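Structure assessment
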Amino acid sequence: MDPASITPADLRQLLAFVAEAISRKEAELNALDAAIGDGDHGITMRVGFTAVNAKISGLPDAAGIDAIFRESGIAFMGATGGAIGVLLGKMLMAAGAALKGRPEIGPAEFRILLDAMESTLVSTGKARPGDKTMLDAVHAANDAVKAENPSGEELVPMMELAGRSALRAAQDTAQMLPHAGRASRLGERALGHPDPGAVSFSVFLTAMAEWAQQTSRHGA
Amino acid sequence: MDPASITPADLRQLLAFVAEAISRKEAELNALDAAIGDGDHGITMRVGFTAVNAKISGLPDAAGIDAIFRESGIAFMGATGGAIGVLLGKMLMAAGAALKGRPEIGPAEFRILLDAMESTLVSTGKARPGDKTMLDAVHAANDAVKAENPSGEELVPMMELAGRSALRAAQDTAQMLPHAGRASRLGERALGHPDPGAVSFSVFLTAMAEWAQQTSRHGA
Amino acid sequence: MKKLVNDPNAAAAEALEGLALAYPQYLRKIEGLTAVVRKDAPVRGKVAVLTGGGSGHEPMFAGFVGPGWADASVAGNIFTSPPPPPIYETAKAVDGGAGVLFLYGNYAGDVLNFDMAAEMLTEEGIQVSTVRVADDVASAPSEKRNERRGIAGDFFVIKVASARAEERAALAEVTAAAQKANDRTRSMGVALTSCVIPVSGRPIFEISDQEMEIGMGLHGEPGVVRGPMTTANRVAQDMIGRILGDLPAKQGDEVAILVNGLGATPLSELFIMFRATRQLLEDAGLLVWRAYVGNFASSLDMAGCSLTLLQLDSELKRLLSAPAASPAFVQEG
Amino acid sequence: MKKLVNDPNAAAAEALEGLALAYPQYLRKIEGLTAVVRKDAPVRGKVAVLTGGGSGHEPMFAGFVGPGWADASVAGNIFTSPPPPPIYETAKAVDGGAGVLFLYGNYAGDVLNFDMAAEMLTEEGIQVSTVRVADDVASAPSEKRNERRGIAGDFFVIKVASARAEERAALAEVTAAAQKANDRTRSMGVALTSCVIPVSGRPIFEISDQEMEIGMGLHGEPGVVRGPMTTANRVAQDMIGRILGDLPAKQGDEVAILVNGLGATPLSELFIMFRATRQLLEDAGLLVWRAYVGNFASSLDMAGCSLTLLQLDSELKRLLSAPAASPAFVQEG
Ligand SMILES: Nc1ncnc2c1ncn2[C@@H]1O[C@H](COP(=O)(O)OP(=O)(O)O)[C@@H](O)[C@H]1O
Ligand SMILES: Nc1ncnc2c1ncn2[C@@H]1O[C@H](COP(=O)(O)OP(=O)(O)O)[C@@H](O)[C@H]1O
Ligand SMILES: [Mg+2]
Ligand SMILES: [Mg+2]
Ligand SMILES: [Mg+2]
Ligand SMILES: [Mg+2]
């Protein structure tokens with residue numbers, strides 16, 4: 001591949017790679033969710049990404065970046081349920097809508113993608129940064145690629161930065177108290193445990209970056 | 001006491017002593033019953049003898065041997081339920097009926113008592129020796145005091161002989177297969193486990209003998 | 001042991017009290033006895049159906065007392081038949097002049113106590129007849145069917161007999177209906193864990209985390225085969241195989257089926273077991289006329305379930321579908 | 001983990017299938033969807049009551065579909081809200097032209113998915129209104145009552161709303177009745193053990209053999225106090241104390257009470273808990289108008305129970321006692 005961009009064909013492979021990464025984390029995500037929620041987050045993520053892959057392989061070859069994201073979102077939302085189903089489903093759909101007409105994902109598109117995801121997550125889930133949700137990871141990644149410019153305008157480093165930032169933010173959620181209005185059920189006991197949705201979003205971004213990095217090295 | 005006989009007043013004490021002995025064996029009897037039955041035999045025996053004691057303490061001072069046994073049987077049967085409730089209840093009532101008019105329990109009365117108990121058990125429970133039931137202990141005790149005459153006609157040795165014989169017979173039930181007609185539910189798995197009812201009857205007789213022995217020593 | 005009880009020795013009595021306090025629309029407790037009777041007992045001119053046995057099988061037996069169901073249930077301690085006096089007193093309280101049918105599981109202790117009570121009643125001129133439920137295929141070979149113990153099959157036999165009594169049939173007819181239901185009922189259980197008796201606080205048998213025991217009785221009586229835990233479909237196949245090997249049902253016959261939870265198995269698993277069972281019955285050419293899924297005859301907090309089949313005819317269908325209302329089962333006309 | 005399941009990933013779907021196959025007299029499954037609807041759906045001119053949520057709470061929610069009960073229930077995976085598409089499809093299948101009331105437990109996931117489905121339906125001109133059951137006193141202080149999660153209180157809210165719909169009330173009226181029931185319902189749970197999700201095969205939290213947790217949610221959400229296991233009477237006292245501290249009921253008021261088992265707790269213990277609760281309510285001067293004891297909203301194989309009070313008025317009594325029939329609860333008129 002051209003390390004500077006991701007074509008629709010690349011995106012299919014990338015999402016399959018992400019699905020595998022998520023599957024490998026199933027037990028870990030369940031355990032995180034068990035600590036502060038109901039223990040199903042890993043199952044839900046695995047089911048959702050399995051559906052995404054099934055859906056993608058049925059799409060016509062001509063499907064563009066926008067269609068692939070939109071259909072992924074519809075598939076994810078329709079297969080999973082749970083909070084994450086609607087949230088991540090809508091985020092994927094929003095990414096598709098925001099990338100309408102773009103033939104490939106380059107650095108600019110990656111920024112658009114993260115920004116669309118964050119704003120959809122906020123408008124749907126009504127959480128704020130610091131509430132100990134997936135938003136903390138999304139927000140950190142989006143902020144990082146917006147604000148910093150560590151290696152110019154190259155896609156792979158940008159993706160890596162996003163993944164790293166999301167991961168760090170996810171880990172930091174362990175120190176947060178869940179926002180009372182949303183998750184009073186957790187209380188003080190949530191302290192010390194990271195938010196499973198934040199962790200799984202960082203897995204999503206990290207896997208994307210890893211795929212891009214591996215592919216660009218192979219391609220290079 | 002006169003070691004050669006048990007008065008109605010003695011009998012009250014003796015039954016209180018038996019009740020305590022049974023209570024101490026509660027867990028053990030439950031465990032034996034758990035191995036081949038439903039695990040309640042110790043509870044039932046304890047409940048039954050507690051009721052016997054309560055009943056006895058309410059009897060008029062003039063109550064004779066016969067009345068004490070009869071009322072014990074009624075109390076036992078009414079308080080417990082289970083197979084053992086009717087069987088031992090009727091056995092105690094039968095002992096009372098058989099000892100009607102006898103002012104004390106001497107060697108002759110002890111023989112009558114065991115014989116009445118065995119025949120009532122057989123007619124009510126319809127088991128046969130070797131069926132792995134309480135009858136095996138009752139039968140062995142009755143047989144022993146009928147057949148043997150180890151120390152002349154003295155009550156305490158006779159009671160000890162009965163207790164020993166019942167205990168040995170109870171232990172021997174471990175080697176028996178339950179009679180199919182009665183306890184097919186047990187099957188081969190009952191092998192190696194003694195019958196709880198046989199064991200509890202041997203506790204009953206052993207405690208009687210122990211009380212008599214202790215009392216006669218103290219009295220001597 | 002963690003149980004929501006107070007004095008463990010009083011658990012059976014308190015559970016019965018709670019049942020009676022919760023469901024005054026169907027039944028009431030007899031003061032001073034561990035027994036409940038239909039709210040409107042005695043029903044003049046109607047045969048009274050009296051059931052009962054050891055406690056620990058809730059909602060069996062007391063949960064099946066009410067109009068269209070039994071007239072009375074007498075409870076013993078946990079897993080222990082009630083003694084004769086309360087059976088006798090309760091029978092007298094529900095006798096409406098047409099006699100009393102004793103219906104209970106076929107266990108030595110119950111037989112002795114209920115028989116003794118029947119004797120006492122007969123002496124007083126009250127007509128008593130008895131049917132002992134003997135549905136557990138695991139407990140004796142078919143040549144010795146009358147020696148089998150009773151498990152969840154009580155549900156069908158009590159329902160049928162009670163409905164027949166409600167039709168104002170005579171004691172002999174009610175007895176015959178109960179006997180017919182009993183003759184056509186077969187059950188098989190499977191246990192995944194032991195129950196714990198409140199007083200002893202300990203499991204009544206050992207079973208590993210990988211094992212199950214097919215054919216285990218409602219009081220932990222040993223079953224027919226202990227083996228590794230497997231899927232619901234395979235468990236159902238084994239159990240239904242044993243039942244159909246015993247029940248003289250042929251292709252096209254109608255059956256009622258009861259999937260009964262033993263106490264600690266959630267309804268979701270019972271539905272999965274029903275799904276498997278129904279398929280097996282269909283494969284065997286039998287028609288499921290009606291199904292009942294839930295906790296009907298439990299074994300304290302044992303995990304596992306039992307399957308019960310009743311081979312129907314038109315009389316049994318009429319009686320099973322007759323209206324009935326009790327704490328554990330309400331059915332419209 | 002020992003469970004009577006097949007593929008653990010299919011447990012929720014197979015349980016629902018089993019339920020639908022067992023009770024065709026009340027409901028049917030919609031082909032291709034994890035949803036059941038009243039046998040006679042859609043009922044023309046009647047407001048449709050649609051409930052649902054994550055699976056693992058059987059018989060909640062699907063067990064409460066039938067005449068006098070909900071028109072439909074949509075099931076998600078274990079502990080996971082169903083996604084919007086099946087909610088949307090099911091609502092369309094039961095809409096009788098008078099609109100649809102969505103009734104479900106107040107959880108973030110359910111809110112997101114049901115709201116999304118409601119949006120899709122509204123776009124098509126189908127009227128939808130929503131009441132989120134929020135009865136769990138342990139989950140938020142009373143100033144934030146609308147943030148509380150829903151546990152067994154669904155039972156009362158669904159019953160009341162369904163009966164009002166059966167009276168052919170308009171959508172706004174049915175919604176108002178549901179809202180009133182919701183406003184007057186309070187619950188408190190206690191967990192003795194963790195449940196095990198079939199797919200993961202592991203407990204979702206640790207709790208020792210000597211401990212219980214008061215206020216724990218139906219999915220193992222942490223409760224308000226963890227302490228040593230104690231007697232049924234004391235557990236009930238703690239729970240009822242918290243409920244009565246929150247419910248604005250006064251001496252002489254009538255209440256309905258639900259003693260709900262979480263899955264692995266036998267009925268006998270629930271009756272003992274009811275006995276304790278009834279005494280406490282009597283001591284507080286409240287009148288128990290009707291009681292319901294059983295497994296209504298479970299948490300897979302969790303041991304424990306919840307207590308739910310509904311403070312009554314004449315409308316609620318009328319609606320609660322209206323005839324109704326579904327797999328999990330039948331009531332005569
Ligand atoms: N309103 C919200 N905004 C942002 N993220 C949310 C919100 N609600 C839930 N989440 C995320 O969803 C995750 C839980 O997802 P999951 O366990 O799959 O769903 P459920 O909570 O329905 O079981 C949480 O860890 C959190 O990150
Ligand atoms: N028909 C019988 N004849 C003699 N003894 C019997 C008979 N039936 C039962 N038993 C005795 O009763 C004992 C069981 O008593 P128990 O556990 O108290 O009652 P249950 O069997 O009703 O639980 C057995 O161990 C056996 O000794
Ligand atoms: Mg979750
Ligand atoms: Mg026993
Ligand atoms: Mg017993
Ligand atoms: Mg969930």
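That block above? That's the structure.
Residues numbered from 1 in each chain as written. Chains lettered and ligands numbered in written order. Predicted model: local features only at pLDDT ≥ 70, side-chain atom pairs only at ≥ 80, totals over all residues. Heavy atoms only, no water.

1. Quick notes on the overall build of chain A
- When its secondary structure is counted, chain A shows ten helices and one strand.
- The linear arrangement of helices and strands in chain A, starting from the amino end, is α-α-α-α-α-α-α-β-α-α-α.
- In terms of overall size, chain A behaves like a compact globule, its C-alpha atoms giving a radius of gyration of 16 Å where 220 residues would be expected to give roughly 17 Å.
- Taking the principal axes of its C-alpha atoms as reference, chain A extends roughly 50 × 40 × 30 Å.
- Per-residue burial over chain A gives 58% buried out of 220 residues. (Helix = DSSP H or I, 4+ residues; strand = E, 2+ residues; numbered from the N terminus. Rg over C-alpha atoms; globule rule 2.2 N^0.38 Å. Buried < 20%, exposed > 50% of the residue type's maximum accessible area, 1.4 Å probe, protein only.)

2. Structural notes on the sheet that holds strand β4 (residues 72–78) of chain C
Residue and element names in this part refer to chain C.
- With mixed pairing, the six strands of this open sheet are ordered in space as β1-β2-β4-β3-β5-β6. With partners counted over all chains shown, the strands left at the sheet margins are β1 (27–29) and β6 (128–133), one partner each. Strand-to-strand twist across the sheet, computed as the mean angle between neighbouring axes with direction ignored, equals 20 degrees.
- In this fold helix α1 (residues 11–22) packs onto β1, β2 (35–38), β3 (48–55) and β4, with an angle of close to 140 degrees to the strand it touches most, β1.
- Lying over the sheet, helix α5 (residues 171–183) contacts β3, β5 (100–105) and β6, oriented at roughly 5 degrees with respect to β6. (Pairing = 2+ DSSP bridges. Axes fitted to C-alpha atoms, helices over the stretch in contact; angles between N-to-C directions. Contact = heavy atoms within 4.5 Å.)

3. Quick look at the coordination of the magnesium ion (ligand 6)
- Surrounding the magnesium ion (ligand 6) are the protein donor atoms Asp38 of chain A (OD), Asp40 of chain A (OD) and Phe79 of chain D (O), which sit 2.1 to 2.2 Å from the metal.
- Between the magnesium ion (ligand 6) and the magnesium ion (ligand 3), both coordinated by Asp38 of chain A, there is a metal-metal distance of 3.5 Å. Taken together, the positions of Asp38 of chain A in the loop between α2 (26–36) and α3 (41–57) and Phe79 of chain D in the loop between β4 (72–78) and α2 (84–94) put the pair across two chains. In this pair, the class of Asp38 of chain A matches that of Phe79 of chain D, namely buried. (Donors = N, O, S within 2.8 Å, 3.2 Å for Na, K, Ca; no water.)

4. Thoughts on the side chain of Thr44 of chain A
- The residue Thr44 of chain A is located in helix α3 in this model.
- Excluding anything up to four places from it in sequence, Thr44 of chain A contacts Thr80, Gly81 and Ile84 of chain A together with Thr80 of chain D.

5. Describing the packing of helix α5 (residues 82–98) of chain A against helix α3 (residues 108–123) of chain D
- It is at 6 Å that the axes of α5 of chain A and α3 of chain D come closest, and there the two elements cross at 50 degrees. Judged by the inter-axis angle, α5 of chain A sits oblique to α3 of chain D. Between α5 of chain A and α3 of chain D lies a crossing whose hand is left-handed. Residues Gly82, Ala83, Val86, Leu87 and Lys90 of chain A of α5 of chain A form the contact with α3 of chain D, whose participating residues are Ala108, Gly109, Leu112, Asn113 and Met116 of chain D. (Parallel < 35°, antiparallel > 145°, perpendicular 65-115°, else oblique. Left-handed = near helix turned anticlockwise from the far one by under 90°.)

6. Examining the site of ligand 1
Residue and element names in this part refer to chain A.
- Taken together, 19 residues form the shell around ligand 1, and within it Asp40, His41, Gly125, Met134 and Asp195 come nearest.
- In the environment of ligand 1, a nitrogen atom lies 2.9 Å from a nitrogen or oxygen atom belonging to the backbone of Gly125.
- Against a free-state accessible area of 560 Å², the protein chains account for coverage of 91% of ligand 1.
- Among the elements of the structure, α3, α5, α6 (107–125) and α10 (196–219) are those that each provide at least two residues to the shell around ligand 1.
- A per-element tally of the shell around ligand 1 places α5 first, with four residues. (Near = heavy atom within 4 Å. Polar contact = N/O pair within 3.5 Å; in protein donor to acceptor, adjacent residues only side chain to side chain. Areas by Shrake-Rupley, 256 points an atom, 1.4 Å probe, with all protein chains shown as cover.)

7. Things to note about the interface of chain C and chain D
- With 54 residues of chain C at the contact, the number on the chain D side is 54 residues.
- Summed over both partners, the interface of chain C with chain D buries about 4700 Å², with 62% contributed by carbon and sulfur atoms.
- When the buried area of chain C at its contact with chain D is split by residue, Lys2, Leu4 and Arg275 of chain C rank highest and sum to 19% of it.
- At the junction of chain C and chain D, the tally comes to six salt bridges.
- For Arg275 of chain C, the salt bridge identified is with Glu14 of chain D, shortest N-O distance 3.5 Å.
- At the boundary of chain C with chain D, the tally comes to 20 residue pairs in polar contact (both at pLDDT 80 or more).
- Among the secondary structure elements, those contributing two or more residues to the side of chain C that touches chain D are α1, α6 (232–244), α7 (267–283), β11 (287–294) and β14 (329–331) of chain C.
- Ranked by the residues each element gives to the side of chain C that touches chain D, the list is headed by α7 of chain C, at nine residues. (Buried area = accessible area lost by both parts, 1.4 Å probe. Salt bridge = Lys/Arg side-chain N within 4 Å of Asp/Glu carboxyl O.)

8. A short note on the environment of Glu282 of chain D
All names here are of chain D.
- Inspection of the secondary structure assignment puts Glu282 in helix α7 (residues 267–283).
- Its relative accessible area of 42% is what places Glu282 among the partly exposed residues.
- Placed 71 residues apart in sequence, Glu282 and Glu211 show a C-alpha to C-alpha distance of 28 Å.

9. A look at the pattern of salt bridges
- Inspection of every chain in the model, using the stated rule, returns 63 salt bridges over all chains.
- Glu26 of chain B serves as the salt-bridge partner of Arg46 of chain B, at 2.7 Å between the closest nitrogen and oxygen. Of the two residues, Arg46 of chain B sits in helix α3 (residues 41–57) while Glu26 of chain B sits in helix α2 (residues 26–36), which places them 20 residues apart along the sequence.
- Judged by its relative accessible area of 15%, Glu26 of chain B falls in the buried class.
- Across the pair Lys180 of chain D and Asp313 of chain D runs a salt bridge whose closest N-O atoms are separated by 2.4 Å. With Lys180 of chain D in helix α5 (residues 171–183) and Asp313 of chain D in the loop between β12 (304–311) and α8 (314–320), the pair connects residues that are 133 residues apart, well separated along the chain.
- Look at Asp313 of chain D and you get partly exposed, because its relative accessible area is 21%.
- Because the salt bridges share partners, they merge into one network encompassing Arg164, Glu167, Lys180, Asp313, Glu315 and Arg318 of chain C.

10. Section: the coordination of the magnesium ion (ligand 5)
- Here the magnesium ion (ligand 5) is held by Asp38 of chain B (OD), Asp40 of chain B (OD) and Phe79 of chain C (O), and the distances to it run 2.1 to 2.2 Å.
- Here the magnesium ion (ligand 4) and the magnesium ion (ligand 5) are spaced 3.5 Å from one another, each receiving a donor from Asp38 of chain B. Here Asp40 of chain B, found in the loop between α2 and α3, pairs with Phe79 of chain C, found in the loop between β4 and α2 (84–94), and the two come from separate chains.
- Classification of Asp40 of chain B as buried rests on a relative accessible area of 8%.

11. As for the arrangement of the chains
- For this structure, the chain pair with the highest number of contacts among three pairs of chains in contact is chains C and D.
- The two units chain A and chain C are non-contacting; their minimal C-alpha-C-alpha distance is 17 Å.
- A gap remains between chain B and chain D, which never touch, and the nearest two C-alpha atoms on either side lie 17 Å apart.

12. Section: the pairing of β4 of chain C
All names here are of chain C.
- Most of β4 is tucked away, with six of its seven residues classed as buried.
- Sheet analysis places β2 next to β4, joined by three bridges and oriented antiparallel. Bridge pairing in β4 places Ala35 opposite Val74.
- Pairing of β3 with β4, which is carried by five bridges, proceeds in the parallel orientation. Within β4, the residue paired with Thr51 across the bridge is Ser73.

13. Considering the site of ligand 2
Residues and elements named next belong to chain B.
- Taken together, 19 residues surround ligand 2, and among them Asp40, His41, Gly125, Met134 and Asp195 come closest.
- Contact between ligand 2 and His41: an oxygen atom at 2.9 Å from a side-chain N or O atom of the residue.
- Within the contact set of ligand 2, an oxygen atom lies 3.0 Å away from a backbone nitrogen or oxygen of Gly197.
- Summarising the interface, the protein chains cover 91% of the accessible area of ligand 2, which totals 560 Å² for the free molecule.
- The element best represented in the shell around ligand 2 is helix α5 (residues 82–98), accounting for four residues.
- A breakdown of the residues in the shell around ligand 2 according to their chemical character gives eight nonpolar, six polar and five charged. (Nonpolar A, V, L, I, M, F, W, Y, C, P; charged D, E, K, R; others polar.)

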